[in-house]
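One letter stands for each residue in the lines below.
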Amino acid sequence: MSTEAITLSRINRGALAALRKREEAAFAARTPKSRAWLAAARASMPNGVPVAWMAGLYRHGAIVAAGGEGAFFRDIDGNRYCDFNVCDLAMTMGYGPKPIVDAVSRAVANGAHFLLPVEDTRAITEELARRVGLPAWQFTLSASAANTEVIRIARFVTGRSRILIFDGQYHGHIEESLVTDAGQGTVPIQLGLSAKAAQESVIVPFNDLAAAEAVLKTGEIALVMTEPALTNCLLVEPKPGYIEGLRALSRQYGALLCLDEAHTFQFAYGGLVGSRKLECDFVTLGKGLGTGISFALYGMTRAIADVMEEHLDIDIGPRGLATGGTTYGSAIAIAAAKAALEEILTPENYVRIDRLGNILADGLDTVFKKHGLDWRAFHLGPRSGYCLKPHFPTTAAEAAESIDAEMIDARRAFMANRGVWDAVVSAGPQVSFAHGEADIARYIALADVFLAEIVS
């Protein structure tokens with residue numbers, strides 16, 4: 001038996017099942033008002049929620065939020081949680097940050113949207129150009145919409161239709177990325193999607209340049225799209241030179257390259273593209289830059305910006321590029337983005353959350369060793385997590401070996417009953433700009449107690 005198998009066998013499955021049953025019962029007992037509210041809400045909303053994810057992301061019962069402050073939120077039963085999920089990185093500023101509250105309040109009072117630019121828009125796009133390295137930017141309402149527009153532009157520029165994506169990816173709830181490789185072609189991964197549209201996407205393993213080149217050689221690929229580090233299958237870092245290799249191959253075979261930083265922009269000042277000086281044709285940013293306000297952006301090279309100007313989608317006249325939306329680039333989004341970039345997403349604050357991320361990862365590593373587990377803590381800036389192997393994954397298939405759903409479900413309920421809201425299954429605990437050292441210590445201490453109950 002391998003060392004890895006021996007380590008995993010030390011998880012007492014009987015103890016884990018008993019803990020999960022106990023903790024989910026305790027969670028239900030702590031949240032009766034939420035359960036009653038959700039039951040009544042099913043009369044007007046499927047599953048009692050306005051968005052299916054609010055029920056589907058949690059294996060225990062959902063809860064109803066009542067408000068939040070800093071790194072904490074509370075439910076309608078009066079339970080308070082230190083948030084390490086941070087709305088899957090859409091709330092990395094924390095709850096009620098004054099710069100965002102003040103800026104958005106002024107924008108609402110002054111006019112939420114005009115379907116025209118406001119003066120502060122240039123401050124954002126010029127600052128993003130400086131940080132990230134791409135000169136031109138457009139707003140959308142979500143990263144899904146940003147990626148959709150990038151795909152459309154790439155298809156027009158290259159005259160090709162197919163896109164190359166990577167196993168373990170998630171680029172939004174769009175036809176091109178909600179797909180999987182079925183062995184004999186790409187098929188939809190969820191219901192209600194077009195099987196024909198799925199065939200326009202090609203999937204290869206991450207960190208395999210030879211596999212990427214084999215697809216690019218066909219001359220059918222309009223766009224190569226990837227995160228600079230995969231973050232929706234726990235965490236997979238690129239091998240040294242991998243992203244640079246994709247850039248070289250895309251140029252060689254006439255495709256464009258998009259680096260999706262909807263998550264990773266929160267990991268370093270300027271995102272991974274800016275901090276690692278990565279070259280690409282597009283960058284997509286999302287999650288409202290962590291403010292909780294719905295907006296996203298995508299950046300592009302000057303050559304692509306020139307194409308957009310030449311093929312403007314005008315109300316009456318020749319056909320233009322299919323981009324835009326009525327609520328894109330609102331005054332609210334501009335106000336939130338400007339306040340975030342100037343007052344929260346600063347070099348000093350990134351240094352601070354990187355230090356806290358180190359403390360979290362080091363603390364988890366210490367807990368693993370204490371319990372005789374040959375595991376490692378994922379770590380990239382403020383992101384950490386549980387790698388159930390002695391080595392970090394280089395592909396999504398390897399990362400999937402650390403997604404122990406039974407253990408994650410049990411840990412989530414265990415943490416929630418003790419005042420910590422843990423990350424969703426595919427992610428890992430995330431330090432926000434609102435967390436402090438005491439919050440990190442609390443998480444580590446609970447992880448220690450949890451593992452003490454299930455490791456034999």
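Just so we're clear, the structure is a prediction, and the values are computed from it rather than from any experiment.

Notes on a nonpolar patch on the surface
Move 1: Together, Val51, Trp53, Met54 and Leu57 make up an exposed nonpolar region whose accessible area comes to about 350 Å².
Move 2: Inspection of the secondary structure assignment puts valine 51 in the loop between α3 (32–41) and α4 (53–56).
Move 3: According to the relative accessible area criterion, valine 51 is partly exposed, its value standing at 42%.

A look at the packing of aromatic side chains
Move 1: Applying the stated criterion across every chain, the model contains 17 aromatic pairs.
Move 2: Considering the side-chain rings of phenylalanine 368 and tyrosine 386, the 5.7 Å spacing of their centres and the 50 degrees angle between planes classify their relative orientation as tilted. Highlighted residues: phenylalanine 368 in helix α15 (residues 347–370) and tyrosine 386 in strand β14 (residues 383–387), separated in sequence by 18 residues.
Move 3: Its relative accessible area of 0% is what places phenylalanine 368 among the buried residues.
Move 4: The structure contains a cluster of three or more aromatic residues connected by ring pairs, namely Tyr58, Phe73, Tyr81, Tyr95 and Trp421.
Move 5: Stacked on the ring of tyrosine 386, the Lys or Arg arginine 411 has its end atom at 3.8 Å from the ring centre.
Move 6: The ring of phenylalanine 414 carries arginine 418 above its face, with NZ or CZ at 3.7 Å from the centroid.

A short note on the packing of helix α17 (residues 405–416) against helix α18 (residues 437–454)
Packed helices, taken two at a time, are described by the angle their axes make and the gap between the axes.
Move 1: Running from amino to carboxyl end, α17 crosses α18 at an angle of 125 degrees, the nearest separation of the two axes being 11 Å. Relative to α18, the element α17 is oriented oblique. Regarding α17 and α18, the two cross each other, and that crossing is right-handed. Seen from α17, the contacting residues are Met407, Ala410, Arg411, Phe414 and Met415; seen from α18, they are Tyr443, Leu446, Ala447, Val449, Phe450, Glu453 and Ile454.
Move 2: Looking at the contact of α17 with α18 residue by residue, the classes come out as ten nonpolar, no polar and two charged.

Considering the packing of helix α2 (residues 13–30) against α17
Move 1: The geometry of α2 relative to α17 is characterised by a closest axis approach of 8 Å and an angle of 40 degrees between their N-to-C directions. In this view, α2 runs oblique relative to α17, as classed from their interaxial angle. Of the two possible hands of crossing, α2 and α17 adopt the one that is left-handed. Contact residues: Arg13, Leu16, Ala17, Leu19, Arg20, Arg22, Glu23, Glu24, Phe27 and Arg30 in α2; Glu406, Met407, Asp409, Ala410, Ala413, Phe414 and Ala416 in α17.
Move 2: Classifying every residue of the contact of α2 with α17 by side-chain character gives nine nonpolar, no polar and eight charged.

Focus on α3
Move 1: Burial in α3 covers these residues: Ser34, Leu38 and Ala41. For α3, the arc enclosing every buried residue in end-on projection is 60 degrees, short of the 170-degree limit, so these residues lie on one face. Of the exposed residues in α3, those oriented more than 90 degrees away from the buried face are Lys33, Ala39 and Ala40.
Move 2: Considering only its buried residues, α3 is in contact with β2 (72–75).

So, how was this worked out
Residues numbered from 1 in each chain as written. Predicted model: local features only at pLDDT ≥ 70, side-chain atom pairs only at ≥ 80, totals over all residues. Heavy atoms only, no water. Patch = residues over 30% accessible without salt bridge, like charges linked within 9 Å, V, L, I, M, F, W, Y side chains within 5 Å. Areas by Shrake-Rupley, 256 points an atom, 1.4 Å probe, with all protein chains shown as cover. Salt bridge = Lys/Arg side-chain N within 4 Å of Asp/Glu carboxyl O. Helix = DSSP H or I, 4+ residues; strand = E, 2+ residues; numbered from the N terminus. Buried < 20%, exposed > 50% of the residue type's maximum accessible area, 1.4 Å probe, protein only. Phe/Tyr/Trp six-rings, centres within 6.5 Å; stacked < 30°, edge-to-face > 60°. Lys NZ or Arg CZ within 6 Å of the ring centre and 35° of its normal. Axes fitted to C-alpha atoms, helices over the stretch in contact; angles between N-to-C directions. Parallel < 35°, antiparallel > 145°, perpendicular 65-115°, else oblique. Left-handed = near helix turned anticlockwise from the far one by under 90°. Contact = heavy atoms within 4.5 Å. Nonpolar A, V, L, I, M, F, W, Y, C, P; charged D, E, K, R; others polar. Arc of directions from axis to C-beta.

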